[in-house]
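Here's the letter readout for the chains.
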Amino acid sequence: MPELEDPATPAKSIARFSIGVNVIVQVVLGFFLFGVVNYLSWRTYKRWDLTTGESHTLSERTIGFLESMEKRARMIVLFTRGTQLTSNVHDLVEEYKRYAGKKLKVEIVDPAREPNRLEGIKEQYNLQFADRKDGILIEVEGADGKPRTKFVDEDAFVTLDPSTGRTSAFTGESALTSALLAVGEGRRRVLKLVTGKGGLNLGGKGGTAMDFLVEFARKENAEVQTIDISDPNADFKDTDVLVFVNIKDDLTDDEVRRVRDYWETRRGSMLILLNPEFQTPKLHALLKEYGIIVRNDRVLELISGPSPFVGWEVTSVITLNSRVTDQLLWGRNVKFRGQTQSIEIDHLGEEELKGRGIVVEELLQSDDRRFWGETDYLQDPPVYDEKTDSRRGPVTGVYAEMGVMQDAKLRIDSSRMVVLGNSTMLDPPWDTASYDLGTSAINWMLDRDELVGISPKQKQWFRLEISNAQSERIFQIIILALPLSVVCFGLFVWSMRRV
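Residues numbered from 1 in each chain as written. Predicted model: local features only at pLDDT ≥ 70, side-chain atom pairs only at ≥ 80, totals over all residues. Heavy atoms only, no water.

## A closer look at the overall build of the chain
A tally of helices and strands in the chain yields 11 helices and 21 strands. Within the chain, the fraction of its 499 residues that count as buried is 42%. Surface accessibility of the chain: about 28,400 Å² in total, with carbon and sulfur atoms responsible for 55%. (Helix = DSSP H or I, 4+ residues; strand = E, 2+ residues; numbered from the N terminus. Buried < 20%, exposed > 50% of the residue type's maximum accessible area, 1.4 Å probe, protein only. Areas by Shrake-Rupley, 256 points an atom, 1.4 Å probe, with all protein chains shown as cover.)

Here's what the structure looks like:
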């Protein structure tokens with residue numbers, strides 16, 4: 001009798017086949033989703049810097065510079081592995097690469113482990129140091145198509161404590177940004193400080209604004225020179241920013257003519273820090289031609305108490321939407337020491353100014369609840385009079401631009417000016433807001449709009465000093481106390497299990 005086929009067999013085969021297909025589809029989908037998730041996490045991700053002061057985050061100034069780079073650059077990192085400095089440098093370069101993207105190519109070379117590659121680099125770029133020297137070689141294509149290079153050695157990446165000679169801070173961001181700027185621009189920008197008018201005392205006790213300018217020049221690819229505008233042969237050629245600080249003697253008619261010619265026809269820039277203690281009517285008249293009215297007053301604060309007294313120190317706020325600074329500086333407080341006078345914008349002549357292509361806007365304004373511009377500042381005590389005195393919350397700083405275009409890319413040929421009603425903002429010691437405002441203002445006047453903002457931070461390094469007794473105590477805790485406590489706990493668990 002023939003064996004009958006189980007009718008359930010085909011159904012079981014179909015079921016097993018469908019299960020197999022289902023498993024294969026699930027495995028394929030699992031690998032596909034795994035790949036998609038990894039791809040998306042690699043392409044789009046969010047990083048958080050949880051360190052105090054965000055020491056691993058680049059400043060907005062550096063980020064703006066890297067994102068606006070037009071020419072391709074290359075970095076060859078020549079640092080020996082295994083040191084704290086090397087680790088910080090590699091992390092910093094990785095951040096530069098992240099923001100610059102394809103515009104920056106990075107090569108990591110260990111001079112100790114790759115001597116042949118080091119010798120090849122020295123020969124290719126004509127590096128002259130004989131011994132091994134850590135640093136970063138930067139190469140940027142110049143306007144003539146030829147590459148320009150600069151070697152930044154390891155000393156530029158750290159600050160030494162003068163008392164101990166030990167490393168106290170990591171200054172790599174400032175060094176790298178300055179080097180990239182220097183190689184990219186080629187020509188060093190020139191800041192000329194006006195002398196011969198009885199103003200700035202060079203090398204004065206406690207430091208002067210000259211120290212600020214020198215510090216700026218060291219970090220921002222610039223150089224500082226002096227110019228005596230009372231000299232008829234004074235040369236304004238190659239002057240990128242003309243700096244007036246604490247002018248005591250007024251300008252002559254001929255000096256006014258030459259300064260006007262420099263700003264209007266040579267597309268120059270001027271930083272003017274006024275000292276209200278000295279009368280300079282011709283300089284004020286020149287500023288009025290550009291819609292800037294310097295008032296003969298003092299910005300005061302009446303401090304209440306058992307014996308009310310006048311406060312001369314003025315706190316001003318950086319105005320919103322200022323082109324001289326970026327958003328992170330808007331609303332920050334800047335303190336003025338010494339006497340300050342208020343500044344007004346000539347709104348009645350705005351139409352005429354616009355016809356000449358001149359725009360004037362507020363940069364700094366004091367708190368209207370605390371400060372006012374007092375014209376009769378010698379009275380005791382001064383009292384605010386809305387009829388004769390400047391408004392409450394007077395403006396203490398303005399900026400002007402001639403040749404303004406709507407397209408920011410076309411503003412490179414404009415003349416720029418910043419005027420402050422106080423002469424002490426650049427004098428040391430500098431608070432963070434004053435320093436950032438000063439560097440932003442000069443960079444703005446140098447047509448470096450991408451470099452306005454908060455300055456690069458310094459990563460502080462701390463050294464923990466312990467005595468011999470403390471070192472011995474730590475040794476006893478680690479070598480004796482901790483292992484002994486583990487043994488005792490094990491014996492206790494073992495004895496409990498035997499009960």
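## A short note on the sheet that holds strand S20 (residues 415-420)
Taken in spatial order, the 9 strands of this open sheet run S8-S7-S9-S10-S20-S19-S17-S14-S15, and their pairing is mixed. Two strands bound the open sheet, and with one partner strand each, they are strand S8 (222-228) and strand S15 (333-336). For this sheet, the mean angle separating the axes of adjacent strands, direction not counted, is 25°. With 3 bridges connecting them, strand S7 (residues 189-195) and strand S9 (residues 241-245) associate as parallel partners. Each bridged residue has a counterpart across the sheet, and for Lys192 the counterpart in S9 is Leu242. (Pairing = 2+ DSSP bridges. Axes fitted to C-alpha atoms, helices over the stretch in contact; angles between N-to-C directions.)

## Some details on the sheet that holds strand S1 (residues 73-78)
With mixed pairing, 4 strands are arranged side by side in an open sheet as S2-S1-S3-S4. Each end of this open sheet is capped by a strand with a single partner; those strands are strand S2 (104-109) and strand S4 (147-153). Between one strand axis and the next, the sheet turns by 15° as a mean value, whatever way the strands run. In the packing of helix H3 (residues 84-100) onto the sheet, contacts are made with S1, S2 and strand S3 (135-141), and the angle to S2 comes to roughly 160°. (Contact = heavy atoms within 4.5 Å.)

## As for helix H6 (residues 209-219)
For H6, the full list of buried residues reads Ala209, Met210, Phe212, Leu213, Phe216, Ala217 and Lys219. Each element contacted by the buried residues of H6 is listed here: helix H5 (172-185), S7, S8, S9 and helix H10 (432-445).

## Digging into the pairing of strand S10 (residues 269-273)
The element S10 is largely enclosed, with a buried count of 5 among its 5 residues. With burial as the criterion, each face of S10 is covered, one bearing Ser269, Leu271 and Leu273 and the other bearing Met270 and Ile272. Pairing of S9 with S10, which is carried by 4 bridges, proceeds in the parallel orientation. Its bridge partner being in S10, Val243 is matched across the sheet by Leu271. Once you follow S9 into helix H7 (residues 253-265) and on to S10, the crossover reads as right-handed. One ladder, built from 5 bridges, connects S10 with S20; its direction is parallel. Across the sheet, Ile272 pairs through a bridge with Val419, a residue of S20. (Right-handed = clockwise from strand over helix to strand, strands pointing away.)

## Details of the side chain of Arg416
Note that Arg416 resides in strand S20. Since its relative accessible area comes to 1%, Arg416 is described here as buried. Within the structure, Arg416 has its side chain in polar contact with the backbone oxygen of Trp444 (distance 2.6 Å). Within polar-contact distance, the side chain of Arg416 engages the side chain of Asp449 at 2.9 Å. (Polar contact = N/O pair within 3.5 Å; in protein donor to acceptor, adjacent residues only side chain to side chain.)

## Thoughts on the pattern of salt bridges
All chains considered together, the criterion is met by 27 salt bridges. Among the salt bridges present, the one from Arg370 reaches Glu301, with a minimum N-O distance of 2.9 Å. Of the two residues, Arg370 is situated in the loop between strand S17 (358-366) and strand S18 (371-374) and Glu301 in strand S12 (residues 298-303); the sequence distance between them amounts to 69 residues. Note on Arg370: relative accessible area 35%, which makes it partly exposed. One salt-bridge network, in which partners are shared between bridges, spans Arg323, Glu361, Glu401, Arg416, Asp447 and Asp449. (Salt bridge = Lys/Arg side-chain N within 4 Å of Asp/Glu carboxyl O.)

## A look at a positive patch on the surface
On the surface, Arg43, Arg72, Lys97 and Lys102 cluster together into a patch of positive charge. By relative accessible area, which is 76% here, Lys102 ends up exposed. (Patch = residues over 30% accessible without salt bridge, like charges linked within 9 Å, V, L, I, M, F, W, Y side chains within 5 Å. Lys, Arg positive; Asp, Glu negative; His and termini not counted. Charge placed at Lys NZ, Arg CZ, Asp CG, Glu CD.)

## Some points on unusual backbone geometry
Note on backbone geometry: most residues besides glycine have negative phi, and most peptide bonds are trans. Cis geometry is adopted by the peptide bond preceding Pro429, which originates at Pro428 and carries an omega value of 0°. Of note, Pro429 is situated in the loop between S20 and H10.

## Examining H7
Between the first and last C-alpha of H7 there are 18 Å, a value that for 13 residues agrees with the 18 Å anticipated at 1.5 Å per step. Of the surrounding elements, those touching the buried residues of H7 are S9, S10, helix H8 (281-288), strand S19 (395-402) and S20. Downstream of H7 by one or two residues, Arg267 has phi in the positive range, about 55°. (Expected span 1.5 Å × (residues − 1).)

## Here we look at the packing of aromatic side chains
Taken as a whole and assessed by the stated rule, the structure comprises 7 aromatic pairs. Aromatic pair Phe212 and Tyr435: ring centres 5.5 Å apart, planes at 70°, arrangement edge-to-face. Here the residue Phe212 occupies a position in helix H6, and Tyr435 occupies one in helix H10, the gap between them amounting to 223 residues. Measuring from centroid to centroid gives 5.8 Å for Trp430 and Tyr435, while their planes differ by 45°, and the two rings are tilted. On the accessibility criterion, Tyr435 (15% relative accessible area) is buried. Chaining the aromatic ring pairs together yields one cluster made of Phe212, Trp430 and Tyr435. Here the basic side chain of Arg298 rests over the ring of Tyr377, its NZ or CZ set 4.2 Å away from the ring centre. (Phe/Tyr/Trp six-rings, centres within 6.5 Å; stacked < 30°, edge-to-face > 60°. Lys NZ or Arg CZ within 6 Å of the ring centre and 35° of its normal.)

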